[in-house]
Number of protein chains: 2
Amino acid sequence: MRWSSALIPTLKETPADAVAPSHILLLRAGMIRQLGAGAYTYLPLGLRVLHKAEAIVRQEMDAAGAVELLMPALQPVELWKESGRFETFGDLLMKLTISGGHHMALGPTHEEVITDLVRDLVRSYKQLPITLYQIQTKFRDEPRPRFGILRTREFLMKDAYSFDADVDQLGRSYDAMYEAYCRTFDRCGLPYVVVDAESGPIGGDASHEFMVPCSTGEDKVIQCPSCNYAANQEKAEVGESAAAPQRADSPPYEAKPTPGKRTIRDVCAFLKVDEATSGKLLVFLADGKPVAVLLRGDHEANEAKVRRAFGAAVLAPADPDSIQKATGAPMGFLGPIAIKIPMIVDRAVTAMETIVVGGNEVDVHLTGVVPGRDFPIDRALDLRNADEGDPCPRCGAAMVVKAGLEIGHVFKLGTKYSKAMGANYQDEKGTEIPLIMGCYGIGVNRIVAAAVEACHDANGIVWPLNLAPYQAAVVPLQVNNKAVMDAAEEIERRLTEAGVDVILDDRDQRPGFKFKDIDLIGIPLRIVVGERGLKDGTIEMKWRHESESKNVPLETAGDAALAELKAARDRLAADCQVRREQRAGAKSS
Amino acid sequence: MRWSSALIPTLKETPADAVAPSHILLLRAGMIRQLGAGAYTYLPLGLRVLHKAEAIVRQEMDAAGAVELLMPALQPVELWKESGRFETFGDLLMKLTISGGHHMALGPTHEEVITDLVRDLVRSYKQLPITLYQIQTKFRDEPRPRFGILRTREFLMKDAYSFDADVDQLGRSYDAMYEAYCRTFDRCGLPYVVVDAESGPIGGDASHEFMVPCSTGEDKVIQCPSCNYAANQEKAEVGESAAAPQRADSPPYEAKPTPGKRTIRDVCAFLKVDEATSGKLLVFLADGKPVAVLLRGDHEANEAKVRRAFGAAVLAPADPDSIQKATGAPMGFLGPIAIKIPMIVDRAVTAMETIVVGGNEVDVHLTGVVPGRDFPIDRALDLRNADEGDPCPRCGAAMVVKAGLEIGHVFKLGTKYSKAMGANYQDEKGTEIPLIMGCYGIGVNRIVAAAVEACHDANGIVWPLNLAPYQAAVVPLQVNNKAVMDAAEEIERRLTEAGVDVILDDRDQRPGFKFKDIDLIGIPLRIVVGERGLKDGTIEMKWRHESESKNVPLETAGDAALAELKAARDRLAADCQVRREQRAGAKSS
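Remember, it's a predicted structure, so these values are computed and weren't measured experimentally.

**Student:** What exactly am I supposed to notice about the pairing of strand E21 (residues 400-414) of chain A here?
**Tutor:** Taken residue by residue, a regular strand's side chains alternate between the two faces of the sheet. Residue and element names in this part refer to chain A. Of the strand pairs in this sheet, strand E10 (residues 206-213) and E21 are connected by eight bridges, and their pairing is antiparallel. Of the residues in E21, the one forming a bridge with Phe-210 is Gly-408. Two strands pair when backbone bridges link them, and strand E11 (residues 219-223) and E21 are joined in this way by five bridges, in the antiparallel orientation. Along E21, the bridge assignment pairs Asp-219 with Gly-404. Bridge count between E21 and strand E24 (residues 436-443): six bridges; the pairing is antiparallel. Among the inter-strand pairings, Phe-411 is bridged to a residue of E24, identified as Cys-439.

**Student:** Could you clarify how one ought to interpret the domain arrangement of chain A in this entry?
**Tutor:** You'll often see interface size given as the accessible area lost when the parts meet. Per the domain assignment, the segments making up chain A are domain 1 (15-73 + 107-231 + 401-453), domain 2 (254-381) and domain 3 (470-570). On a C-alpha basis, the centres of domain 1 of chain A and domain 2 of chain A stand 39 Å from each other.

**Student:** Quick question: what am I supposed to make of the pairing of strand E19 (residues 364-369) of chain A here?
**Tutor:** Taking burial as the measure, the six residues of E19(A) include five buried ones, the bulk of the element. Between strand E18 (residues 355-358) of chain A and E19(A), which pair antiparallel in sequence order, lie five residues; one of them, Asn360(A), sits at a positive phi of approximately 60°.

**Student:** Looking at this model, I keep getting lost on the relation of the copies chain A and chain B. Mind explaining?
**Tutor:** Both copies of the chain are related through a single rotation about an axis accompanied by a shift along the same axis. Once chain A is rotated about the relating axis by 180° and shifted along it by 0.0 Å, it coincides with chain B to within an RMSD of 0.2 Å. The superposition operator between the copies reduces to a two-fold rotation axis. In terms of C-alpha distance to the rotation axis, chain A has Leu96(A) as its closest residue, with the C-alpha 2.8 Å off the axis. Most of the interface of chain A is mirrored in chain B, where 100% of its interface residues again form contacts.

**Student:** Just to check I follow, could you spell out helix H13 (residues 482-497) of chain B for this structure?
**Tutor:** Three or four residues apart is the spacing at which side chains of an α-helix point the same way, because the helix has 3.6 residues per turn. All names here are of chain B. An ideal rise of 1.5 Å per residue puts 22 Å on 16 residues; H13 measures up with 22 Å between its terminal C-alpha atoms. Listed in full, the buried residues belonging to H13 are Val-484, Met-485, Ala-487, Ala-488, Ile-491, Glu-492 and Leu-495. Within H13, the buried residues cover an arc of 165° as seen down the axis, which keeps them to one side. Facing away from the buried side of H13 by more than 90 degrees, the exposed set consists of Lys-482 and Glu-497. The N-cap residue of H13 is Asn-481: its side-chain oxygen and the backbone nitrogen of Ala-483 are 2.9 Å apart.

**Student:** For this particular structure, what's the right way to read the interface of chain A and chain B?
**Tutor:** Between chain A and chain B, the contact holds 47 residues from the first and 47 residues from the second. Buried area between chain A and chain B, both sides added, is near 3,900 Å², and the carbon and sulfur share of it is 71%. On the surface where chain A and chain B come into contact, there are two salt bridges. With its nearest N and O atoms 2.8 Å apart, the salt bridge here joins Arg33(B) to Asp120(A). Counting the contacts that link chain A with chain B gives 14 residue pairs in polar contact (both at pLDDT 80 or more). Every element with two or more residues in the side of chain A that touches chain B is listed here: strand E1 (32-36), strand E2 (39-42), helix H2 (44-63), strand E3 (67-68), strand E4 (74-76), strand E5 (94-98), helix H5 (111-121) and strand E7 (130-139) of chain A. Counted by class, the side of chain A that touches chain B contains 32 nonpolar, five polar and 10 charged residues.

**Student:** Could you clarify how one ought to interpret the confidence of the model for chain A in this entry?
**Tutor:** Interpretation of the predicted coordinates at a detailed level should be avoided for regions scoring low in pLDDT. Taken residue by residue, chain A gives an average pLDDT of 94. The fraction at 70 or more is 99%. ipTM for the predicted complex: 0.90, alongside a pTM of 0.91.

**Student:** Mind showing me how you'd approach the packing of aromatic side chains here?
**Tutor:** The geometry of two aromatic rings is summed up by the distance between their centres and the angle between their planes. For the structure on display, the rule yields 17 aromatic pairs over all chains. Here the aromatic cluster, defined as three or more aromatic residues joined through ring pairs, consists of Tyr178(A), Tyr181(A), Phe185(A), Tyr192(A) and Phe210(A). Directly above the aromatic system of Phe515(A) lies the positively charged group of Arg526(A), at a separation of 3.9 Å from the ring centroid. Lys412(B) extends its terminal NZ or CZ atom over the ring of Tyr174(B), reaching a point 5.0 Å from the ring centre.

**Student:** In this structure, what is going on with the environment of Gly537(B)? I would like to understand it.
**Tutor:** All names here are of chain B. Topologically, Gly-537 is positioned in the loop between helix H15 (531-536) and strand E30 (538-543). For Gly-537, a relative accessible area of 27% corresponds to the partly exposed category. When residues no more than four places from it in sequence are discounted, the contact partners of Gly-537 are Val-552, Pro-553 and Leu-554.

**Student:** Help me understand the sheet that holds E4(A), please; the structure alone is not making it clear to me.
**Tutor:** In any sheet, the strands associate via hydrogen bonds between backbone groups, in a parallel or an antiparallel arrangement. All names here are of chain A. The antiparallel open sheet is built from three strands, whose spatial order is E4-E6-E5. Because the sheet does not close on itself, it has two edges, and the strands there are E4 and E5. For this sheet, the mean angle separating the axes of adjacent strands, direction not counted, is 40°.

**Student:** Just checking my understanding: could you explain the side chain of Asp505(A) for this structure?
**Tutor:** Among the secondary structure elements, Asp505(A) is positioned in the loop between strand E28 (502-504) and helix H14 (511-521). Apart from residues lying up to four places away in sequence, Asp505(A) is in contact with Trp3(A), Val474(A), Val475(A), Pro476(A), Val479(A), Lys514(A) and Ile518(A).

**Student:** Mind showing me how you'd approach the side chain of Thr216(B) here?
**Tutor:** All names here are of chain B. Mapped onto the secondary structure, Thr-216 falls in the loop between strand E10 (206-213) and strand E11 (219-223). What makes Thr-216 buried here is its relative accessible area of 8%. Within polar-contact distance, the side chain of Thr-216 engages the side chain of Glu-453 at 2.7 Å. Apart from residues lying up to four places away in sequence, Thr-216 is in contact with Ala-20, Pro-21, Phe-147, Leu-150 and Glu-453.

**Student:** It is not clear to me how the sheet that holds strand E19 (residues 364-369) of chain B should be interpreted in this structure. Could you clarify?
**Tutor:** Residues and elements named next belong to chain B. Reading across from one edge, E13-E19-E18 is the order of the three strands in this open sheet, with antiparallel pairing throughout. This sheet does not close on itself; its edge strands, each paired only once, are strand E13 (254-257) and strand E18 (355-358). The average undirected angle you get between the axes of adjacent strands in this sheet is 30°. Strand direction decides the pairing type here: E18 and E19, joined by three bridges, are antiparallel.

**Student:** I tried to follow the pattern of salt bridges on my own but got confused; where do I start?
**Tutor:** Pairing is possible between side chains that carry opposite charge, provided their charged atoms lie close to one another. In this structure the tally under the stated criterion is 78 salt bridges over all chains. Put simply, Asp186(B) and Arg579(B) hold a salt bridge, and the shortest N to O gap is 3.5 Å. You can see Asp186(B) sitting in helix H6 (residues 167-187) and its partner Arg579(B) sitting in helix H16 (residues 557-588), a full 393 residues away along the chain. In the salt-bridge network here, residues are joined through shared partners; they are Glu60(A), Glu179(A), Arg183(A), Asp186(A), Arg187(A), Arg579(A) and Arg583(A).

**Student:** Any chance you could explain helix H6 (residues 167-187) of chain A here in plain terms?
**Tutor:** Residue and element names in this part refer to chain A. Spanning 21 residues, H6 covers 30 Å between terminal C-alpha atoms, matching the ideal 30 Å at 1.5 Å per step. Looking at where H6 begins, the residue whose side-chain oxygen comes 3.2 Å from the main-chain nitrogen of Asp-168 is Asp-166. With its phi angle positive at about 75°, Gly-189 sits one or two positions after the end of H6.

Conventions adopted
- Counting of residues starts from 1 at the beginning of each chain's written sequence and follows it residue by residue.
- Key to labels: chains lettered from A, ligands numbered from 1, both in the order written.
- Only residues with pLDDT of at least 70 get local features here, since the model is predicted, and only at 80 or more are side-chain atom pairs given and counted; chain-wide, interface and lining totals rely on the full set of residues.
- Derived side-chain values reflect all non-hydrogen atoms in the structure, with water molecules and hydrogen atoms excluded from consideration.
- DSSP calls a pair of strands paired once it identifies at least 2 bridges connecting them.
- Here a helix means four or more residues in a row that DSSP labels H or I, a strand means two or more in a row labelled E, and each is numbered from the N terminus.
- In this document the domain limits rely on a domain assignment from an automatic tool or a database.
- In this scheme, a residue with accessible area under 20% of its type's maximum is buried, one over 50% is exposed, and one in between is partly exposed, where area comes from a 1.4 Å probe on protein chains only.
- Here the copies were fitted onto each other by least squares, based on C-alpha atoms from residues at pLDDT of at least 70 in both.
- Note on definitions: a residue-residue contact is assigned when non-hydrogen atoms from the two residues lie within 4.5 Å.
- Expected span of a helix, by definition, is 1.5 Å for each gap between consecutive residues, and there is one gap fewer than residues.
- This arc is built from the directions going out from the helix axis to the C-beta atoms.
- Each polar contact in these results corresponds to two N or O atoms within 3.5 Å; when the atoms are within protein, one needs to be able to donate a hydrogen and the other to accept it, and residues that are neighboring in sequence are counted only if both atoms are side-chain atoms.
- Here's the idea: put two parts together, see how much 1.4 Å probe accessible area each one loses, and the total over both is what we call buried area.
- Salt bridges are counted wherever a side-chain nitrogen of Lys or Arg sits within 4 Å of a carboxyl oxygen of Asp or Glu.
- Note on residue classes: Ala, Val, Leu, Ile, Met, Phe, Trp, Tyr, Cys and Pro are nonpolar, Asp, Glu, Lys and Arg are charged, and everything else, Gly too, is polar.
- Per-residue confidence from the prediction method is given by pLDDT, with values spanning 0 to 100.
- For this analysis, a ring pair means two rings from Phe, Tyr or Trp (six-membered ring only for Trp) whose centres lie within 6.5 Å, classed as stacked if their planes differ by under 30 degrees, edge-to-face if by over 60, and tilted for the remaining angles.
- Only when the NZ atom of a Lys or the CZ atom of an Arg is both within 6 Å of the ring centre and within 35 degrees of the ring normal do we say a charge sits over the ring.
- Each axis is a line fitted through C-alpha atoms, taken for helices only over the stretch in contact, and angles between the N-to-C directions span 0 to 180 degrees.

This is the structure:
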C-alpha cells in the first residue's frame, strides 16, 4: 500500500475535547473520525487494526470449539418482554417502530435471540455441549458517550453463548472460553488482569472480567500485591480487620448539638473529628422490608454485599419517608442505638474503639459511642466496597486500587434465560430440563482502544505487532530519486510476497515529517532508504519501541527485515506459550 | 469440523410460505433461520458462505485500488436533510430517536456520510482520484420483505464511493469498479449479465446493473439474442418499428358509444377489438405543466423516457382534476384528436394503420382513427417499457425478457451530493470545484441467494467451488469402526493441512441419510470411506455436479482429492481469465 493512496489524515494538534490517550492518538493518527456523539468512522488504518483484532478473536473462538453464526441486530421487543429484560434494560435499549407497526429493538446483546434459536434447534442431550458465537455490531443508547471509541452507541462485539446439560459441563465450557480469552489478549499483546466480578443485571452466579490497567479505565480493580488476588471493586472482598481493644474505662457517650448538619462531611467538620472515626447508618429495602447497615463514615456500602447479607433477591435504598416510618428517626441523624429494624455492621466498625453516630433525633449526634457496648453487634460482615489499603481477603496484605478498562467478560448465566423462555433439552430418559447457559463477551473496538491506552509514548502509538495496521513501513527519503524508489519498492515487494503488511511512504516530504507520522501511527518496523545509505550500499532499520536504528546491507535488506519480524513474532508466541503453561500449572496445582 | 458440532439443522420438508428456490433450500440446508419478518439468522453453514462471498468482494475491491473503511450505521438525519433525501427516501428509511432527543437514521446507504467525511478530509486535486468502500450492515424498512434473504430489512452490503476531479477520471474509476464487479461475480461462479440501468432516485447519469437470470428475480431484463444488447426493462430502448403504410382510401373515423367503459380492457372487450389496435392517452405533470403521451393500448409508459422526452426534471402522473382542467376531457375517455396540451407519440403508434382512442367526451370512443391524418404526429419517440418481441435498438432483432436478480449496481453520480453538501476540492489554481462522485453497491447476501437460485438441482444446492461452506465432505460410513474412522480422519487431516475447508460427517446414521444431507447442503466434493472399500484399499470420490463416483486407492486418497480440487480451481481461474480477456478485447475493439 502507498501512503498517498491510503487516506491517513494525521493531525499535528491534539483535538479539542479529547482526554483519553486512545481518543487523542487514534484521532491524531488518522485512524478514526467522529460522525456524531458516540459514533465514529474507522478510517483505513483504524479499520485494519479492528480487523486484526477481530481475526484473532475469531481464530481463538474457533480453536476453542465455538461455532460462529450471525444474528440480526433488529430484534422483536417481544423477546425482551419474554425474558423480562425489556424493563430492566431500560433506556439503554434502542427502540424503533417499523412498517406494519412492529416494535423492534436494536440488540445491545443477544441472550434473547440465541435462546429463542436454541430452544428451537437444540432438543437433545446428544447435541450438548455447544458454544455459539458471533462477531456483530451492537447498539446501546449510552446517555454519555465518551473517550472516543471506548464508549460509543454502536460497537463491534464478539458475543458467545454456551449451552450445557449440567453444571459440570458448564464449568468446562466456561473454562474453555476463559482460556480462549487469555490467549486472545496475550496474542493482542495486551497487559491484562483477570478479576472476580459481579455478574450484575445480566444475572447468573459466577463471572470474571478481563481488565487492562490504564488511567482511562472506568472500572476500579482491587489487587493484592502479595498474593495476586484481584477483583472488580464491586466484587472485591475485604479481609478481616483486627478488632479494637475493649476498654473498660471508656467514658459514656455524649449527645452533641449538630444543627442542620446531615452529611458525614458536615458533621465531622462541625465536630472537628476525622471522618474515619464516624459511622453512617444506611437504610435499605431488602425485598421491600427496611433493614439497616452501619459503616465507617468514610466507607461506601456495596449493595450486592448488603443484598446477600440480608438474603434478599432485590435491594434498594430506602426513601426518606420509609426511613422515618421504619426507624422513627430523621434522615441525616440516624444512629445504631436502639434501632428498631434488623441491622448488620460492617467489619471495619469492629476495629473502631469509639464512633461518632447520629442521635436518632433532629440536630443531634453522639460522640464516644463504643460499638458492642452502646449497641449490640449481632453480625459483623463485609458490606462495603474494598479500597486502597484494605486487607486482602486471602492473605491480609494491604490491597491497591487501579483503574481498569474492561475488554472482556465471562458469565455463568445458569438457567435465567432458559427458564424464562422455556429452552429445554431432553435427557437420556426424555425428561425436559432447562439448558444451562453461559455468556462471554469481548469488545473488539475496546481491544483497539486498550492497546493504545497501554502501548503509547510521547511520540504516538506503539502498536503490538499482531494489531499493527502495517507491520513495516518502508520510507524512501528522496521519492524523486529513481535508485532510492527502486530500492524501496524492491524491499516492499519482498515483504509483501512474504505475507507482511507493509506501507510505503511515497510522500514527497522531509524525512523528519515522515518519521513523525510513522511514529505517530505506530508502525513497528521502520525501514529507511536514502541516497546517502545507498552510496554505502546500506539501508536503516529501526523498531518503534527501540531508540537505536541499525544499518543493514541493501542486498539482504528484505531478508533482514523478515528475520527481524520473525524473531519478534517468535518471541511473542513464546511469551504466549509461557503464560499458557503458567495458567495450566496454576489450575492443576 | 465435525458435522455433529456444526449445528446443521437440515429439514426434510419444504417449509411453509417459502417459494423462492434459494429461500427453500437455504432453510432446508440448515443455513438460515428466520427471526422475524425480513430478519434471518445465518447459521454456521450459511455464515461460512456469506464470509466467502465477503472475502472475494474485499479482495477484488482491494485489487482495484479501493480503500476500505467502516462508517456507522447510526446517522444523524440532519445529513439526510442536507442532501435532500430525507423526503425522497421516505418510509424506507428507518428512524429512531436516541437519548438527548437526537433524531437518527439507520443507514440504508452511505452517500451522505461519506460525502460528509470526504468534504472534511479531501481538499486537494493531489488527493484524487480516491475510491473508498466498506462492507457493512444496512437497514431498509421494506414494507414487504420476501424470498428469504433476498429482500430483508437488514443486509450486508459492500458500498463503494469514488471521488474524482473530472469526468475522465470518473470514467476510469467507474471502469475499474465495473471490472472488479465482473471479476468478483466470475470468481463466485455466478452466471450474470450486465445491463444498462436507470439510475433511479439515487441520481446521476450512467448506471449498470449486474443481474443473475433466475425465476425469482424481481427485475425484468431485456436482452437481444442477436447482438447481446441487454438492459433493465426500465432502461431498455425499443428500436424503430416499420411505419404503417399510408392508405389514402381509409374511411373516416366513427364515434361509438362506450357507456361507463373507462379502461382499455373494458373498451376493447365492449367494442370487440384487440387491445393492440387501441391507443391510450396519458397525462403527466412535467415540472408541474400538463403534457400528454399517446401509447398503444397494451403498452406501458416508461416515466423516465417520458420525463426525458419533455426535458423535465420531475415527472408525475396527473390527477383527474388536473386532467379535466388541462384537456377539458374526462379521465377514461381522453383522446389525441384536437388535444390542447403538448403531446408526444410513442413510436409504436406510427406502425398502426388505424387506432381506437377516446373521444374526449363521456362515454364516447372513436374507431378507425388514422394517426398522422386525424391527429398530427409532431414527435414520435421511444416512450414505453420494452417488452418481449420488441425490436432491438441496435440491430432490430426481436428481444426477449428474462427475470433477473440484481446483485450489483454501479452509478455515475456526478455532483448530486457534492453540490448539495458542499464537498469541493481545490484544483491547481486553488479554485473550489465540486467533487465528481460514483457509487457502487454489491449485496453480499444476494450473492449467496443468487448462487443458490442459479446453482441447484432436485437434490439441493450445488455450490460453486469458491462459495461452498466446505469444499469437501469426508463421510465415514461406519463411524463405530475404528479403521474406517482412522482413514476418514487421516484424509480430513491431509486436506485441512493443505488449507481445504473440510467437514467430517461423524453422524451415526445410514449412508443414504448422510448422502442426502450432503447433497442438500451442496458440498462440491464427497469422499466416502467404508468397510467394503477398505477391504480393497479404496475410497470413493464424487463431485456434487456429476452423477458418477470413482474409486481411488486409500493410500493416495488425500493427494487425489487435493489434485481434483486443484484442477477444479484451475479450471475456474482459467474461465475467469478468459472472460477478463474477452472484456478487455470488447473494450479495446
